[in-house]
Structure formats: C-alpha cells, structure tokens
Amino acid sequence: MTGAEILIESLLAEGVDTVFGYPGGQIISVYDKLYNYEDRLRHVLVRHEQGAVHAAQGYARATSRPGVVIVTSGPGATNVITGVADAMVDSTPIIVIAGQVGNAALGTDAFQETDLVGMTCPIDKWTFQIRKPEDVAPAVAKAFHIASTGRPGPVVLDFTRDAQNGIAEFDYSKCDYIRTYTPCPESDEKLIDEAVELINHAEKPFVVFGQGILLSHAEQQLMDFLRKGGIPAASTMLGLSAVPSDFPYYVGMTGMHGSIAANMMTQECDLLIAVGMRFDDRVVGRASEYARNAKVIHIDIDATEIGKIIPADIGILGDAGKVLAQLTEKMQFSFHDEWAVKARAYDKIENSEICIPETAPSEGPIHMGEVVAKVAEISGREAVVVTDVGQNQLMSARYSRFVKSRSFISSGGLGTMGFGLPAAIGAKMGQPDREVVAFLGDGGLQMTIQELGTIMQEQLPVKVVVLNNNWLGNVRQWQELFYQARYSQTRMLNPDYSLIAQAYGIKYRLVEDRAELEPAVKEMLESSEPYILNVHVEEAGMVYPMIPGGKCVDEILIRKDEWFDNGR
C-alpha cells in the first residue's frame, strides 16, 4: 500500500469513524485515497483548520475517544497550533496529521513548508515526522497510545510527501507499551495509608476535583468516596458534570467566578484533598494564602503537577479512579454534617443577593444568567453544554445544571475565543443522540463564524445561543472594575445575524423581550434542525461572585465595590 492508504487503514484499525480536516497540496495524496473510504470513514470538511482542531477537541471531550485532524502543510499546519496548545493545557486527546513537503525539500523554504516539528514540540505531548511509508503504521499506533493514556494530550504527525506516496507492506499492531513512557504509575501504598490517616482524623475535610475525574472515568469512585467520608466537594470549571449538580455533597464550582461556598470552604477546611486538578491560578488566587488552614493531599497522574503550585503534604501519583477506590476501601465511615451543612448558609446568601436577581429578574433587560438557567430547565438538564470564552462561558458554568457526565465542554487553561462553535460541531458528531447547546458571545462567535458552513453542509442540529451584548463583555468587566471604565476597543458593531443565518439556511429567532424567552427556548430545543437563538442581553452585565486577580479566594466581590462579609 501507499503510505496514504496505510494511514487510513491505521486510523480504521484504531476505531476511528470521524475525522475533521481541510485538503491542500501537500496532503492531497491522503485525500485522494480517502475517496475510496467514504463508506467507512466520515470526513467533516470544516471551513478553517482552526475549526477542525477545535471540533476534534469537542469530539474527544464528548466521547473520551481521540479526535483526529487532517490538514495540509504550511498555513494549514500553523492554523491548528492554537488548538494543539489548547488541547495540551486541557489534557484533550487529539491526533493532528499534517502534510509536509518531500524529504529532499525539507529545510529549503519550499512552497508551504514550515517547521511544524519545531513549532509543536513545546506545546504537545509528542511530535513525530514521518519520512518513510514503513513508519506510518507504527507512528499512528504510538500516537494513539500516547495521546489517550496517562494524562491525555495532543500528538502531531508531520507527514512528508515521500511517506505518503511511497510503498510499504501494511501490518498494523496497536501500541500498548513504550519503554520510556509510564502512563499510569502504581500508587505508593504507604502514601495511601498516610492519606487515610489524615482523612480519618480530619474535622473539616474538603475535596476539590478537576477534569481528571472525567478523564479516568472515576465519577462513581468519587461519589463513593464522598459518601463514605461524608465529605463536601467542589469542582474546577473543567470538572463540571463529573457529579450531578444535585449530588448532596457537591457545593459548586471553585475559583475566580466560583460559588461562595466552594471558595470559603477551601479556606476553612483543615484537610484539602485535590483530585485530578492542577491548581490553576484562576482556582487558587493568591497561592501563598490558598487553603491556609489545611493540610493538602494531592492526587494526580502527572508527577509534574504535584507540588508545582501548592505544596502537598502527601502527593499521590496515580490514576484518580484507582486511588479513590483504594482510599474508600481503607478509610472509615465518617459524618461531618455540621461542616457539610455550612455550604447551605453560604448558598442562601449567594442565591438571595446574586443568583435570584440574575436568573429571575422582575424587570429590565434580559440577563445572561436567566438565558442559561432557562435552557437548563427546559432541556431537563440533559444537554451537552459547549461554551466559548468570556462572560458567556462563566455564566454557563454558573447556571447550567447537569445530570450526566461529560456535559460541559469549554476552553479552560488557554481560554481560546472561537472555540465554542466548532467544539459544538465535534461534540454533536461524537454524541449525535444528545442535545448539544453552544453558548457563545458575539465576539467569540465571529472568530469562527465560518463554521456555520460546516453545520450547513453536514445538516448538524447544533443549537447555538448567542448571548449578544455588543461588547467583549469579560474584558469590559475588567475595564469597568480595574481600569476606571476606560473601555478601550471592547465595544462591538455586530452584523445582522438573521441575514447570516438565512445565508447558511439555519433556523433563526431573535429575542429582545423577556416574555419571548421561554417560548423561543422551547422552539429551539424542539427543533430537529440547526438553530440560532440570538438573545439581546444586558449590555453592562457583570459576572459575580468574582475574586479579582491576586486576591485570596475568600476575598470575594459580590457586586461592584461590595465584598462578601463572612461575618454575616
């Protein structure tokens, strides 16, 4: 077979059913062979390579299977770099296959040649340049093993024309071992016992869990652990939906725009158990004052994360599900009712002063929060929620409610505007039987708005909710709070979205009045076709609570110039 054919057969051997891509001169040999596989491998033609990589991320996050991208060299390859970096920091398994010039032309600045290996090595889990057809199958096998095991991440294969067109025998063997790579280290039994001792004697234990729970499929192990220990818990943004929103020990999301309960209990606990999270700066605030009263147990599969930001009294290296199961088996049944109930007191304040005014206002313009809450209510909390980045993301994280795992997909660590629309496409491709709702700001939508063409061509029933405030809302919020309301380059003049929807043949509805919101959301969710719901929301809306940058996580703004008073 040619190397191009070997690539496709290797993808099929790995169980790949969908790829996202865009053809070009240095990958045309692969696309020529794809012509013969249309009944076995679905190719989704995006409108920009950045759309391909974000769609692959959405697919991977929704399914837990690696997303696959095929692009050409040069600008095609460089257009995926943002998504590769995003996938790396958010631990998302994707395989990017990029065409490259022939071996003899490497290093000559040939047409559409770029040093993809040099550019991606610092921002992915593994990069490999395939120069010979006999190396194609082993490279693909190794790529899938590396991308999907341990702490997942992106892998880039730079595929030269010689390797695509040359002939080799096809013999595919899945990779399950690499001598220098230990994806899932065995946990130290002594450290497990030491952690159990701390847990058994803690009076105010608290768990903060991240996406590692989802990545290790440890949702049940986490809930069993919390029940047996009687331990309240909070999630990071990317940990959302790992447990149901109404799970009795769940107190909300932690971090800069997290719940008051989650952040205050972090500061008041005497034992912090961090599971599958990396202590991002948006979670910890001022690191020197984070969890100031607590001993820290940090459980992570990536040794580089333990102790990197917050020193750990006990650092347990291992798979989250396995470690939690070991801890649950060994620890004693405990009840911390008075401590766990404390969250309810904080919730009462937050609901009365922030949530209810935000989600059920009696007058004035529509708020972002009430749109998100209404979608959650009418969808029965069943939808996969995909967001862009900004206030739309923060409001979606705060007011969405979940009953199923893998129901919240967003760009966390890199904060990539333009992520939402193509990621929703990927999520819907991966989970066609689930409702997928994308909450987008008017800024983020316009960064990848061309992917409406992908939705049109695939007739993909993605539901797009535009939280339209005519501003780059999150930057505007910071300008108002910290830059004397000097609104530099954040006001937006938006196009007529009804005409754009009409051009792409997508159903559309505009909502400007609160009375129209509920029937419009019902109409959108009942539609079996793609749908854009453009909601004009409060232009000067703010997202509270908020922990300003550099503050401790118990220094919480509940409205402009008003701080949460823990003495109430």
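These figures come from a predicted structure and were not determined experimentally. (Residues numbered from 1 in each chain as written. Predicted model: local features only at pLDDT ≥ 70, side-chain atom pairs only at ≥ 80, totals over all residues. Heavy atoms only, no water.)

**Observations regarding the overall build of the protein chain**
Part 1 of the reasoning: In terms of helices and strands, the protein chain carries 23 helices and 20 strands.
Part 2 of the reasoning: Its C-alpha radius of gyration of 24 Å places the protein chain within 12% of the 24 Å reference for a compact globule of 568 residues.
Part 3 of the reasoning: On the principal axes, the C-alpha backbone points of the protein chain span a range of 75 × 60 × 40 Å.
Part 4 of the reasoning: Buried residues in the protein chain amount to 60% of all 568 residues.
Part 5 of the reasoning: Put simply, 76% of the contacts in the protein chain that link residues at least 6 apart link residues at least 24 apart. (Helix = DSSP H or I, 4+ residues; strand = E, 2+ residues; numbered from the N terminus. Rg over C-alpha atoms; globule rule 2.2 N^0.38 Å. Buried < 20%, exposed > 50% of the residue type's maximum accessible area, 1.4 Å probe, protein only. Contact = heavy atoms within 4.5 Å.)

**Some points on the sheet that holds strand β7 (residues 205–209)**
Working definition: the strands of a sheet are paired by backbone hydrogen bonds and lie parallel or antiparallel to each other.
Part 1 of the reasoning: Taken together, six strands build an open sheet; the order of strands is β9-β8-β7-β10-β11-β12 and the sheet is parallel. Each edge of the open sheet is held by one strand with a lone partner, namely β9 (250–253) and β12 (314–317). Shown here is a sheet whose adjacent strand axes are inclined to one another by a mean of 15°, direction ignored.
Part 2 of the reasoning: Across five bridges, the pairing between strand β10 (residues 271–275) and strand β11 (residues 295–300) is parallel. Opposite Leu271, over in β11, you have Lys295 as the bridge partner.
Part 3 of the reasoning: Set on the sheet, helix α9 (residues 189–201) makes contact with β10, β11 and β12; between it and β12 the angle comes to about 130°.
Part 4 of the reasoning: In the packing of helix α14 (residues 320–330) onto the sheet, contacts are made with β10, β11 and β12, and the angle to β11 comes to roughly 130°. (Pairing = 2+ DSSP bridges. Axes fitted to C-alpha atoms, helices over the stretch in contact; angles between N-to-C directions.)

**Brief notes about the packing of helix α15 (residues 337–359) against helix α17 (residues 391–399)**
Part 1 of the reasoning: With their axes 12 Å apart at the nearest point, α15 and α17 run at an angle of 115° to one another. The chirality of how α15 crosses α17 is left-handed. Between α15 and α17, the contacting residues are Glu350, Ile354, Cys355, Glu358 and Thr359 on the first element and Met395, Arg398 and Tyr399 on the second.
Part 2 of the reasoning: Its residues assigned to classes, the contact of α15 with α17 shows four nonpolar, one polar and three charged. (Left-handed = near helix turned anticlockwise from the far one by under 90°. Nonpolar A, V, L, I, M, F, W, Y, C, P; charged D, E, K, R; others polar.)

**Quick look at helix α3 (residues 49–63)**
Part 1 of the reasoning: For α3, which comprises 15 residues, the first-to-last C-alpha distance of 21 Å matches the rise-based estimate of 21 Å (1.5 Å per residue) to within 8%.
Part 2 of the reasoning: Extensive coverage of α3 is indicated by the burial of 15 of its 15 residues.
Part 3 of the reasoning: Where α3 ends, the next residue or the one after it, Ser64, has phi of about 75°, a positive value. (Expected span 1.5 Å × (residues − 1).)

**Looking at the nonpolar core**
Part 1 of the reasoning: Counting 101 residues, the largest nonpolar core has Val207, Phe209, Phe225, Leu272, Ile273 and Tyr290 as the members making the most contacts within it.
Part 2 of the reasoning: Discounting residues that sit within four places of it in the chain, Phe225 has contacts with Ile199, Val207, Ile231, Ile273, Leu324, Leu327, Thr328 and Met331. (Core = buried A, V, L, I, M, F, W, Y, C linked by side-chain atoms within 4.5 Å.)

**Describing the sheet that holds strand β2 (residues 42–45)**
Part 1 of the reasoning: In space, the six strands of this open sheet follow the order β2-β1-β3-β4-β6-β5, with parallel pairing throughout. The open sheet has two free edges, formed respectively by β2 and β5 (126–130), since each of these has just one partner strand. Averaged over all adjacent pairs, the angle separating strand axes in this sheet is 20°, with direction ignored.
Part 2 of the reasoning: Contacting β1 (18–21), β3 (67–71), β4 (94–100) and β6 (154–160), helix α1 (residues 3–13) runs over the sheet at an angle of about 155° to β6.
Part 3 of the reasoning: Strands β1, β3 and β4 of the sheet are contacted by α3, whose axis makes an angle of about 165° with β3.

**So, the environment of Gln211**
Part 1 of the reasoning: The topology assignment puts Gln211 in the loop between β7 and α10 (212–215).
Part 2 of the reasoning: Remark: the alpha-carbon pair of Gln211 and Gln26, spanning 185 residues in sequence, is separated by 36 Å.
Part 3 of the reasoning: Other than its neighbours up to four places away in sequence, Gln211 contacts Arg61, Asp90, Ser91, Thr236, Leu238, Gly239 and Gly276.
Part 4 of the reasoning: A distance of 2.8 Å separates the side chain of Gln211 from the backbone oxygen of Asp90, its partner in a polar contact. (Polar contact = N/O pair within 3.5 Å; in protein donor to acceptor, adjacent residues only side chain to side chain.)

**Thoughts on the pairing of β4**
Part 1 of the reasoning: Burial analysis of β4 places seven of its seven residues in the buried class, the great majority of the element.
Part 2 of the reasoning: Of the two faces of β4, both are covered, the one formed by Ile94, Val96, Ala98 and Gln100 as well as the one formed by Ile95, Ile97 and Gly99.
Part 3 of the reasoning: Where β3 and β4 come together, five bridges link them in parallel fashion. Note on β4: the bridge partner recorded for Val68 is Ile95.
Part 4 of the reasoning: In this sheet, β6 lies alongside β4 in parallel orientation, the contact comprising seven bridges. Of the residues in β6, the one forming a bridge with Ile94 is Pro154.

**Regarding the packing of aromatic side chains**
Part 1 of the reasoning: Under the criterion given, the structure shown has ten aromatic pairs.
Part 2 of the reasoning: With a centroid separation of 5.4 Å and an interplanar angle of 15°, the aromatic rings of Trp126 and Phe128 are classed as stacked.
Part 3 of the reasoning: With 6.4 Å between their ring centres and 25° between their planes, Phe170 and Tyr172 make a pair best called stacked.
Part 4 of the reasoning: Owing to a relative accessible area of 30%, Phe170 belongs among the partly exposed residues under this scheme.
Part 5 of the reasoning: Seen from the ring of Phe333, Lys228 lies directly overhead, with NZ or CZ sitting 5.1 Å from the centre.
Part 6 of the reasoning: Between the NZ or CZ atom of Arg476 and the centre of the ring of Trp471, over which it lies, the distance is 6.0 Å. (Phe/Tyr/Trp six-rings, centres within 6.5 Å; stacked < 30°, edge-to-face > 60°. Lys NZ or Arg CZ within 6 Å of the ring centre and 35° of its normal.)

**Brief notes about the state of the cysteines**
Part 1 of the reasoning: Summed over the entire model, instances satisfying the criterion amount to zero disulfides.
Part 2 of the reasoning: Cys269 forms no disulfide, and the closest cysteine sulfur to it belongs to Cys552, at a distance of 14 Å.
Part 3 of the reasoning: According to the relative accessible area criterion, Cys552 is buried, its value standing at 4%. (Disulfide = S-S within 2.5 Å.)

**Quick notes on the pattern of salt bridges**
Part 1 of the reasoning: Tallied over the entire structure, the rule returns 30 salt bridges.
Part 2 of the reasoning: Here Lys308 makes a salt bridge to Glu305, at a shortest N to O gap of 3.1 Å.
Part 3 of the reasoning: The exposure class of Lys308 is partly exposed, given its relative accessible area of 47%.
Part 4 of the reasoning: Three or more residues joined by partner-sharing salt bridges are found here, namely Arg151, Asp302, Glu305 and Lys308. (Salt bridge = Lys/Arg side-chain N within 4 Å of Asp/Glu carboxyl O.)

**Concerning the pairing of strand β15 (residues 436–441)**
Part 1 of the reasoning: Counting buried positions over the six residues of β15 gives six, a clear majority of the element.
Part 2 of the reasoning: Of the two faces of β15, the one carrying Val436, Ala438 and Leu440 and the one carrying Val437, Phe439 and Gly441 are both buried.
Part 3 of the reasoning: Pairing analysis gives four bridges linking strand β13 (residues 384–387) to β15, with the strands arranged parallel. Directly across from Val385, in β15, lies its bridge partner Val437.
Part 4 of the reasoning: Direction of pairing for β15 relative to strand β16 (residues 463–468): parallel, over a ladder of five bridges.

Nothing here speaks to function; it is geometry throughout.
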